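Fold and contact review
Here is how the chains run, residue by residue.
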Amino acid sequence: LGSQRLVRGLYNEDGQYNCFLNVIIQALWHIRIFRQRLLKLPTAATVPGSRTNGPTRQGATAAAKGQAVTAADLKILQALRSVFEDLAKAPELPADQQQQQPAGAADQAAAKQHGSSSSGQWLVSPVVLREALSGLELGAAAISIELSEMHDASEVLNEVFTALHRAEAGRATGIADDPHLPTKVKVQPDVFAVRKQPAPAAAVPQPAQQQQPVTLAHMLQMNGVAGNGPPLMNGIGGHKSSSASQGLGVSVKPPTSLVHMLFGLDVLQAAAADAGVSSRSGGGVKKAASAGAGAGGAKDGSSQVEALQFMKFFHLMPAQALRAAYDRYSNTSFEVVLREAEAADHSSGSSTTGTWGSVSYSKAGAASGSDVSAAGGAPGGTCTVLLRRPAVFTLAVVWESPKAPLDSIKGTVNAVGPSVELSQVFGGLPAGANYNLRSVICYFGHHYQAFVLSEELHQWLLFDDHVIKVVGDWQQVKQTMINNRLQPSLLFYEAQDA
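For clarity, every value in this text was computed on a predicted model and none was experimentally measured. (Residues numbered from 1 in each chain as written. Predicted model: local features only at pLDDT ≥ 70, side-chain atom pairs only at ≥ 80, totals over all residues. Heavy atoms only, no water.)

Within the sequence span of helix α15 (residues 474–483), burial applies to W474, V477, K478, T480, M481 and I482. On its buried face, α15 sits against α14 (406–415), β15 (434–444), β16 (447–453), β17 (460–464), β18 (467–472) and β19 (487–495). You can read the cap of α15 off the contacts: a side-chain oxygen lies 3.3 Å from the backbone nitrogen of Q475, and it is on D473. (Buried < 20%, exposed > 50% of the residue type's maximum accessible area, 1.4 Å probe, protein only. Helix = DSSP H or I, 4+ residues; strand = E, 2+ residues; numbered from the N terminus. Contact = heavy atoms within 4.5 Å. Polar contact = N/O pair within 3.5 Å; in protein donor to acceptor, adjacent residues only side chain to side chain.)

See below:
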């Protein structure tokens, strides 16, 4: 496995408790579009002011627009970039082993024969990122990420994404500028209708058409440093990629950071009754008996309905809802299972509690990684619209217990599909929004592992810190999860045309 360019292990020495961070790094590293964009950023040594405690020189540019970039956020961005750079380096093998490495078509056979790799020559340290995360202060972060302590991978990934977003977009001075916080808007009910036209191709616009937001890359370019490149405005990651926002009274700001562009879910939620659709859609969308009659809807007789608009990095889904939907629709598609689980979850109310990864979680919260409850708290469920097609759709599974029974694990694992067509799950997207599963972060007790679909071997690998094993196809991955009682926590689906 060490002969593969993208396959590297990560250190987790005794007392470091790095497994939660190692799986995050592996999952992000194996998302090609994110890896390529992040590696284009300059090294920490080229960032002026990155060693200061206050706003950086880049922050001065953002401050002119009412923002400030802090050194802690920039340090996290540069630390992750540094780890990626180490992962990209070719391992230095001893001379007597250089001729023994398999090449070409022999790679897959050799990987299958040897099964795993734990050589120190293919290991990278995550300590620089761990130390950078420990510098986040409560207030800027929702949790304190202490060194030599165990943490929840989902919560930490949310803090990583939030810090990367602030590092590029700037730390907003007013809450009205924070895309994570829900904003009440009035929209036409048509915004929730199912779209049938083909999805636009993901194409990079010509230079004359590019409209780049003020990002860290932009700031670095002003200092003579090559940057990260513009987002794709009319395809994957572009703010115009969804037809839901066009002509229907919804204003969508373009992404102002790499993680917002690639992972951000710009959503619109309204009570199902207000939106004019039933909360349980079955095979399609049905009109409600009395549109606009639910709480939070338009009460002035107008055709518009009240909804909540916000951005999040994950879409939370209770494992219990997935299992229940799979029990009813096991002979249908994953899209139907996910849609029914979404409808059932919202219909049950917004105060459900569970475990997001290995810690407690309450759905009543409105953190950047969480869902927002139905508009007006309507018991009839909510409708969710994606206003922009992301490059990566991240599904966060919420468990009732960090040590779930085997039957619960089996039911949840079997409910998950290796691909998803998002337009069949959420409103707002044209047909053809196809995504493939790239990685799955799992845990057993308080130890994390990650399954990753290798770009080079076209097989699933299991990363357990420094140990890497070949698993095989998706069915073998599911069986491995069940046999080892691994609870899937984060699933990363990458757009086919990303």
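Our next topic: the packing of aromatic side chains. One pass over the full model with this rule turns up 11 aromatic pairs. On the numbers, 5.5 Å between centres and 75° between planes, the contact of F34 with F263 is edge-to-face. Placement of F34 in helix α2 (residues 32–39) and of F263 in helix α10 (residues 258–263) is noted, with a sequence separation of 229 residues between them. For F263, a relative accessible area of 0% gives the class buried. Seen in terms of ring centroids, Y443 and Y448 are 5.7 Å apart; in terms of plane orientation they differ by 55°. Their pairing is tilted. When sorted by exposure, Y443 lands in the same class as Y448, which is buried. Taken together, the ring pairs in this structure connect W29, F34, F84, F161, F263, F313 and F314 into an aromatic cluster. The ring of W29 carries R35 above its face, with NZ or CZ at 5.4 Å from the centroid. (Phe/Tyr/Trp six-rings, centres within 6.5 Å; stacked < 30°, edge-to-face > 60°. Lys NZ or Arg CZ within 6 Å of the ring centre and 35° of its normal.)

Overall, antiparallel pairing links the four strands, which are arranged β6-β8-β7-β12 in an open sheet. For this open sheet the edge positions go to β6 (183–187) and β12 (382–386), each flanked by a neighbour on one side alone. Shown here is a sheet whose adjacent strand axes are inclined to one another by a mean of 35°, direction ignored. Pairing analysis gives five bridges linking strand β7 (residues 265–271) to strand β8 (residues 305–312), with the strands arranged antiparallel. (Pairing = 2+ DSSP bridges. Axes fitted to C-alpha atoms, helices over the stretch in contact; angles between N-to-C directions.)

What follows covers the pairing of β16. Of all seven residues in β16, five are buried; the element is thus mostly enclosed. Inspection of the sheet shows β15 paired to β16 by six bridges, in the antiparallel sense. Looking across to β16, one finds that S439 is bridged to V452. What sits between the antiparallel neighbours β15 and β16 is a turn of two residues, in which G445 has the positive phi angle 65°. Pairing geometry for β16 and β17, over four bridges, is antiparallel. Note that in β17 the partner of A450 across the bridge is F463. Adjacent in sequence and paired antiparallel, β16 and β17 are bridged by six residues, among which H458 carries a positive phi angle near 55°.

Below, the discussion takes up the side chain of E168. Here E168 lies in helix α8 (residues 153–169). The charged side chain of E168 is buried without a salt bridge, its nearest counter-charge being R37 at 8.3 Å. Reaching out from E168, the side chain makes a polar contact with the backbone nitrogen of L258 at a distance of 2.8 Å. (Lys, Arg positive; Asp, Glu negative; His and termini not counted. Salt bridge = Lys/Arg side-chain N within 4 Å of Asp/Glu carboxyl O.)

Moving on, we get to unusual backbone geometry. Positioned with a positive phi, H458 is a non-glycine residue whose angle comes to about 55°. The topology assignment puts H458 in the loop between β16 and β17. Overall, H458 belongs to the exposed group, its relative accessible area being 61%. Positive phi, normally seen in glycine, also occurs at R485, with a value near 55°. Within the secondary structure, R485 sits in the loop between α15 and β19. Residue classification places R485 among the partly exposed residues on the basis of a relative accessible area of 35%.

Let's shift gears to the confidence of the model for the chain. Overall, the predicted model of the chain reaches an average pLDDT of 73, with 60% of residues at or above 70. Segment residues 239–244: pLDDT under 50, and 33 contacts once partners within four positions in sequence are set aside and those in other chains are kept. Ignoring residues within four places in sequence, the model shows residues 278–301, a span with pLDDT below 50, making 49 contacts including any to other chains. (pLDDT = per-residue confidence, 0-100.)

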